[in-house]
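In case you want the letters, here they are:
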Amino acid sequence: MELRKLGRTDIEVTSVCLGTMTWGQQNTEAEAHEQLDYALDRGINFIDTAEMYPVPGRAETQGRTESYIGSWIAARKNRDKYILATKVTGRSGMTWVRKGNVSQTRHTAAQIDEAVEASLKRLRTDYIDLFQLHWPDRGLPGFGFDSYYDYDAQDMEPLEDILGALSRQIEKGNIRHVGLSNESAWGTMKFLELAERAGLPRMVSNQCVYSLVARRFDYDRAEIAMREDVGLLAYSPLAMGMLTGKYDDGGSPKGSRGDLFPQFLEGYKSTEEACLDCNATARKLGLTPTEFALKFVESRAFVTSNIIGATTMSQLKENIDAHEIDWTDDMEAEADRLHKTYRCPASR
Ligand SMILES: NC(=O)c1ccc[n+]([C@@H]2O[C@H](COP(=O)([O-])OP(=O)(O)OC[C@H]3O[C@@H](n4cnc5c(N)ncnc54)[C@H](OP(=O)(O)O)[C@@H]3O)[C@@H](O)[C@H]2O)c1
């Protein structure tokens, strides 16, 4: 398993990261533990979660994913064997994530402090390696991007205050490094500039959607990743399953994400034609659609790690195996053709 530097830290993470957001909704605690054991056995050293998981975010289930990881950490006593990443919820109406009476989840110092303490408790650990801002505190649409509409720039937590709160958590030893998620090019550069100017923590990564059919990152943040070492932690590399071929006939297999939570695939409606072409191209290249899609993401120079997700052990095995193929010039040429044909069809 290939190791890559996490930002400008001395940490090396595997180029494949284990995603967790189905645990506590589609997957039981025992299944979560089985996935964790297997992934570590296969050499993966990077785990990604969030305080709001599982998805869809609901008051009744919130925190279950971290608790399942916590019971595994307590049972295995192997905390030094992996890099653990979690996230504080961005601006939203999911107020159940907080104990106190808040009208929105925000990145205020008080909410960041509460989020860190609650995650540490659920995860049953005394430190988080990578603490990420799940999506911006300001009115920028982190998900479902189509056209740019401006927001009230006065109505946002000052970025230096966010960095200040994160800095105090690092001083306490609760978190080691900080990262972004669903952050724009402007936001990324602004966080870096403020950190440098005021001696505050430097963001080490940006976790964003990325796949053969969701390539907005290429257009702006890829260059930042390369020049500034704020690498991409790519999520939804299979376009939520569309790039496995299982939706090719237009239906949703029973029990799949498309069947259970069709709202999640909404942003991929516009990708149907592109996905069919990606999957047919994979087969022509002698690959499975999953292999082509996952290896494409991992082979980008600006990607630090590819966050995979699975609801069954056979999916997990296939997804880890997919990274073992060699990425060839023919595959690159086909990925390029697909991009030039469809550009960036996902509204994600
Ligand atoms: N920062 C963010 O805002 C954000 C957003 C989304 C995700 N994430 C992170 O990224 C991780 C991965 O995201 P994702 O789940 O959207 O990734 P994905 O790889 O695009 O989709 C994974 C889903 O596709 C299906 N699948 C996976 N492998 C398969 C296979 N080999 N054959 C057939 N179906 C397969 C499974 O769903 P079904 O079996 O239910 O169909 C699985 O849950 C999450 O767990 C989370 O840690 C972060």
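Going by the structure above, here's the rest.
As a starting point, this report considers the structure included with it. (Residues numbered from 1 in each chain as written. Predicted model: local features only at pLDDT ≥ 70, side-chain atom pairs only at ≥ 80, totals over all residues. Heavy atoms only, no water.)

### Looking at the site of the ligand
Not every one of the 32 residues close to the ligand is listed here, only the nearest: Ser236, Met240, Lys246, Arg257 and Thr311. One nitrogen or oxygen atom from the side chain of Asp48 is found 2.8 Å from an oxygen atom belonging to the ligand. The contact in question runs from an oxygen atom of the ligand to an N or O atom on the side chain of Thr311, over 2.6 Å. Within the complex, 95% of the 910 Å² of free accessible area of the ligand lies under protein. Here the residues of the shell around the ligand are counted per class, giving 10 nonpolar, 17 polar and five charged. (Near = heavy atom within 4 Å. Polar contact = N/O pair within 3.5 Å; in protein donor to acceptor, adjacent residues only side chain to side chain. Areas by Shrake-Rupley, 256 points an atom, 1.4 Å probe, with all protein chains shown as cover. Nonpolar A, V, L, I, M, F, W, Y, C, P; charged D, E, K, R; others polar.)

### Some words on unusual backbone geometry
Geometrically, the link from Tyr53 to Pro54 is a cis peptide bond, its omega value of 10 degrees lying close to zero. Summarising the element assignment, Pro54 is placed in the loop between strand E4 (46-48) and helix H2 (64-76). With an omega of -5 degrees, the peptide bond between Val55 and Pro56 qualifies as cis. Structurally, the position occupied by Pro56 is in the loop between E4 and H2. In this structure, Lys77 takes a positive phi of about 50 degrees despite not being glycine. Taking the relative accessible area as the measure of exposure, Lys77 reaches 71% and is therefore exposed. Look at Ser236: it is not a glycine, yet its phi comes out positive at around 50 degrees. Tracing the sequence through the fold places Ser236 in the loop between strand E9 (231-235) and helix H8 (257-260). Exposure remark for Ser236: the relative accessible area of 11% places this residue in the buried category. (Helix = DSSP H or I, 4+ residues; strand = E, 2+ residues; numbered from the N terminus. Buried < 20%, exposed > 50% of the residue type's maximum accessible area, 1.4 Å probe, protein only.)

### So, helix H5 (residues 185-198)
Since there are 3.6 residues in each turn of an α-helix, residues three or four apart along the chain are aligned in direction. The terminal C-alpha atoms of H5, which comprises 14 residues, lie 20 Å apart, in line with the 20 Å expected from a rise of 1.5 Å per residue. All of the buried residues along H5 are Gly187, Thr188, Phe191, Leu192, Leu194 and Ala195. Take H5 and look down its axis: the buried residues cluster within an arc of 165 degrees, on one side only. Residues of H5 that are exposed and point over 90 degrees away from its buried face: Glu196 and Arg197. Buried-residue contacts for H5 involve strand E6 (128-133), helix H4 (159-172), strand E7 (175-181), strand E8 (205-209) and helix H7 (221-228). Among the residues of H5, the N-terminal cap falls to Ser184, whose side-chain oxygen and the backbone nitrogen of Trp186 are separated by 3.4 Å. At the exit of H5 stands Gly199, carrying a positive phi of roughly 65 degrees. (Expected span 1.5 Å × (residues − 1). Arc of directions from axis to C-beta. Contact = heavy atoms within 4.5 Å.)

### Describing the pairing of strand E10 (residues 303-308)
Along any regular strand, the residues point their side chains to alternate faces of the sheet. The buried fraction of E10 is high, at six of six residues. In terms of strand pairing, strand E3 (residues 16-19) meets E10 through three bridges, oriented parallel. By the bridge assignment, Leu18 is partnered in E10 with Ile308. Where E9 meets E10, three bridges bridge the pair, whose relative direction is parallel. Looking across to E10, one finds that Leu232 is bridged to Val303. (Pairing = 2+ DSSP bridges.)

### What to know about the packing of aromatic side chains
On inspection of all chains with the given rule, the structure shows eight aromatic pairs. Ring centres of Phe217 and Phe302 lie 5.7 Å apart, and the angle between their planes is 25 degrees; this geometry places the pair in the stacked category. One end of the pair, Phe217, is in helix H6 (residues 216-219); the other, Phe302, is in the loop between helix H11 (289-298) and E10, and 85 residues separate them in sequence. A connected cluster of aromatic rings, assembled from ring pairs, spans Tyr210, Phe217, Phe292, Phe296, Phe302 and Trp327. (Phe/Tyr/Trp six-rings, centres within 6.5 Å; stacked < 30°, edge-to-face > 60°.)

### Comments concerning the pattern of salt bridges
Within this structure, the stated rule accounts for 28 salt bridges. Notably, a salt bridge pairs Asp37 with Arg76, separated by 2.7 Å at the nearest N-O pair. Of this pair, Asp37 sits in helix H1 (residues 29-41) while Arg76 sits in helix H2, and the two are 39 residues apart along the sequence. A relative accessible area of 30% places Asp37 in the partly exposed class. (Salt bridge = Lys/Arg side-chain N within 4 Å of Asp/Glu carboxyl O.)

### Observations concerning the sheet that holds E6
With parallel pairing, the eight strands of this closed barrel are ordered in space as E3-E4-E5-E6-E7-E8-E9-E10. Between one strand axis and the next, the sheet turns through 30 degrees on average, direction left out of account. Strand contacts of H11: E9 and E10, with the helix running at about 150 degrees to E10, the strand carrying the most contacts. (Axes fitted to C-alpha atoms, helices over the stretch in contact; angles between N-to-C directions.)

### A look at the state of the cysteines
Tallied over the entire structure, the rule returns zero disulfides. You can see Cys278 has no disulfide; the closest cysteine sulfur is in Cys275, sitting 5.8 Å from it. The buried category is assigned to Cys278, whose relative accessible area is 2%. (Disulfide = S-S within 2.5 Å.)

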